[in-house]
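Spelled out from the first residue to the last, the chains are:
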Amino acid sequence: MKKFIIYSLLLIVLLAIGAVGYVYQQYRQFLSAPVFVELPVVLDIKKGSSYSRFVQMVQRNGGQGTELNWKLLGRLKQLESSIKIGEFEIAEAMTPEELLSYIDNNNVKTYGFTIVEGHTWQQVKQQLLASSMGHVLLDISESELMEKLNLKAPNLEGQFLPETYQYTKGDSDIDLLQRAHHALNKALEQAWENRDPDLSIQSPYELLTLASIIEKETAQAAERNIISGVFNRRLKKGMRLQTDPTVIYGVGAAYAGDITHAHLRTDTPYNTYTRAGLPPTPIAMASAASVEAAAHPNEGKELFFVANNKGGHNFSETYEEHKRAVAAYLKGL
């Protein structure tokens, strides 16, 4: 009887050792194998999620590993009760430990939002509302937004620097606008501090307004300073700027794609054919390059320019030269 008991106990011990060995072997395989075979996978770990819910999410997305293996790993990593939140895109093969380290390092999925050079505030706003970020803009007025931005300007036009900004799920449109406005202020402050001494404009806001006109007049980098020079000289001489983009901005929805003589005669605060000086506000978002161009006009003698049918402009020093250039443009030459 004693021998039977001894053999039974020995058998139980051997079975236990075998079971532990099996579990250990399975755990070793679990640690060395990629979690996901089919990639990419996006794991959206929401606020309040536990480690066990994270494991369930991994398994729902086709991730390998038993609940026991994940529980053992979580205990070793001290993650039994919590895990970092965020949206994580898994684009390459990772072992379970690599996946947990990737999440622990806060490698959240980012998105890009581009404020386009030359877009108006209304265009930027519609772009934001179509994006995947949170839409605080729907719940506040523009005056409230200006207050949040500590903005002293008449309106929001031109107040956000065109470039691509990264954001994560959960960020709001206000978060992004605050960053873009800060970037604009930084670029404007730097340009104003380093401006040419003989500018015809009197403040950073006027510099931004001029930069927005330059932005709308040309897409060619080489022309920015030349156009800046034309406007600077015209302002100094008391000549009207006579720039079509300001007229178009002023007539708003009445502009259908072609500027007309009626538009040019329509007196608005932005019509630089009927009014002298700069318009009261910027007319679009100006790039840092256009802001710099406004601060550093070229030193030529040109006072006129017109499109050259090649994507750029012909510049003229005299009105007679300008009339010939306009005639060539109208003929499509």
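Up top is the structure.
This report concerns the structure included in the present document. A quick note: this is a predicted structure, and the numbers were derived from the prediction, not measured.

### A word on the overall build of the protein chain
Then step 1. Tallying secondary structure elements over the protein chain gives 13 helices and six strands in all.
Then step 2. Against the 2.2 N^0.38 benchmark of 20 Å for 333 residues, the protein chain shows a C-alpha radius of gyration of 32 Å, more extended than a compact globule.
Then step 3. Residues classed as buried in the protein chain amount to 41% of the 333 residues present.
Then step 4. At a minimum sequence separation of 6, the contacts of the protein chain that also span at least 24 residues come to 64%.
Then step 5. About 18600 Å² of surface is accessible on the protein chain, with carbon and sulfur atoms providing 53% of the total.

### Examining the packing of aromatic side chains
Two aromatic rings are characterised by how far apart their centres lie and by the angle between their planes.
Then step 1. Counted according to the given criterion, the structure contains ten aromatic pairs.
Then step 2. Here the aromatic rings of Phe30 and Trp70 are separated by 5.1 Å at their centres, their planes lie at 75 degrees, and the arrangement is edge-to-face. With a gap of 40 residues between them, Phe30 in helix H1 (residues 2-32) and Trp70 in helix H3 (residues 67-76) connect regions that are remote in the sequence.
Then step 3. Owing to a relative accessible area of 1%, Phe30 belongs among the buried residues under this scheme.
Then step 4. Classification of Trp70 as buried rests on a relative accessible area of 0%.
Then step 5. Taken together, a centroid distance of 5.7 Å and an interplanar angle of 50 degrees make the contact between Phe304 and Tyr319 tilted.

### Describing the nonpolar core
Then step 1. Among the nonpolar cores identified, the biggest contains 49 residues, and Ile115, Trp121, Leu145, Phe160 and Leu207 are the most heavily contacted of them.
Then step 2. With residues near it in sequence (within four places) discarded, Ile115 still touches Val124, Phe160, Leu161, Pro162, Glu163, Tyr165, Leu176, Ala180 and Met285.
Then step 3. Judged by nonpolar contacts, the second largest core, of 23 residues, contains Tyr51, Val58, Trp70 and Ile90.

### Re the side chain of His181
Then step 1. For His181, the location among the structural elements is in helix H7 (residues 173-193).
Then step 2. Apart from the residues lying within four places of it in its own chain, the contact partners of His181 are Leu149, Leu151, Gln159 and Phe160.

### Focus on the packing of helix H8 (residues 204-217) against helix H12 (residues 288-295)
Then step 1. Where H8 meets H12, the axes come as close as 8 Å, and the angle between the chain directions of the two elements is 115 degrees. Along this stretch, H8 crosses H12, giving a crossing that reads as right-handed. Packed against H8, whose contacting residues are Leu207, Leu208, Leu210, Ala211, Ile214 and Glu215, the element H12 presents Ser290, Val291, Ala293, Ala294 and Ala295 at the interface.
Then step 2. Grouping the amino acids of the contact of H8 with H12 by side-chain chemistry returns nine nonpolar, one polar and one charged.

### Topic: the environment of Ser131
Then step 1. By the secondary structure assignment, Ser131 is in the loop between helix H5 (121-129) and helix H6 (142-148).
Then step 2. As for Ser131 and Tyr111, which are separated by 20 residues in sequence, their C-alpha atoms are 9.7 Å apart.
Then step 3. Setting aside residues up to four positions removed in sequence, Ser131 forms contacts with Phe113 and Tyr167.
Then step 4. Polar side-chain contacts of Ser131 include one of 3.5 Å to the backbone nitrogen of Met133.

### With respect to unusual backbone geometry
Then step 1. Omega for the peptide link from Leu39 to Pro40 comes to 0 degrees, which places this bond in the cis form.
Then step 2. Even without glycine at this site, Asn150 takes up a positive phi of about 55 degrees.
Then step 3. In this structure, Asn309 takes a positive phi of about 65 degrees despite not being glycine.
Then step 4. Relative to the assigned elements, Asn309 resides in the loop between strand S5 (304-307) and strand S6 (313-316).

### Notes on helix H9 (residues 224-237)
Then step 1. In a regular helix each residue adds 1.5 Å, so 14 residues correspond to 20 Å; H9 covers 20 Å between its end C-alpha atoms and thus fits that length.
Then step 2. Along H9, ten of the 14 residues are buried, which leaves the element largely enclosed by surrounding structure.
Then step 3. Of the residues flanking the end of H9, it is Gly238, one or two places downstream, whose phi is positive at about 80 degrees.

How each quantity is defined
Residues numbered from 1 in each chain as written. Predicted model: local features only at pLDDT ≥ 70, side-chain atom pairs only at ≥ 80, totals over all residues. Heavy atoms only, no water. Helix = DSSP H or I, 4+ residues; strand = E, 2+ residues; numbered from the N terminus. Rg over C-alpha atoms; globule rule 2.2 N^0.38 Å. Buried < 20%, exposed > 50% of the residue type's maximum accessible area, 1.4 Å probe, protein only. Contact = heavy atoms within 4.5 Å. Areas by Shrake-Rupley, 256 points an atom, 1.4 Å probe, with all protein chains shown as cover. Phe/Tyr/Trp six-rings, centres within 6.5 Å; stacked < 30°, edge-to-face > 60°. Core = buried A, V, L, I, M, F, W, Y, C linked by side-chain atoms within 4.5 Å. Axes fitted to C-alpha atoms, helices over the stretch in contact; angles between N-to-C directions. Left-handed = near helix turned anticlockwise from the far one by under 90°. Nonpolar A, V, L, I, M, F, W, Y, C, P; charged D, E, K, R; others polar. Polar contact = N/O pair within 3.5 Å; in protein donor to acceptor, adjacent residues only side chain to side chain. Expected span 1.5 Å × (residues − 1).

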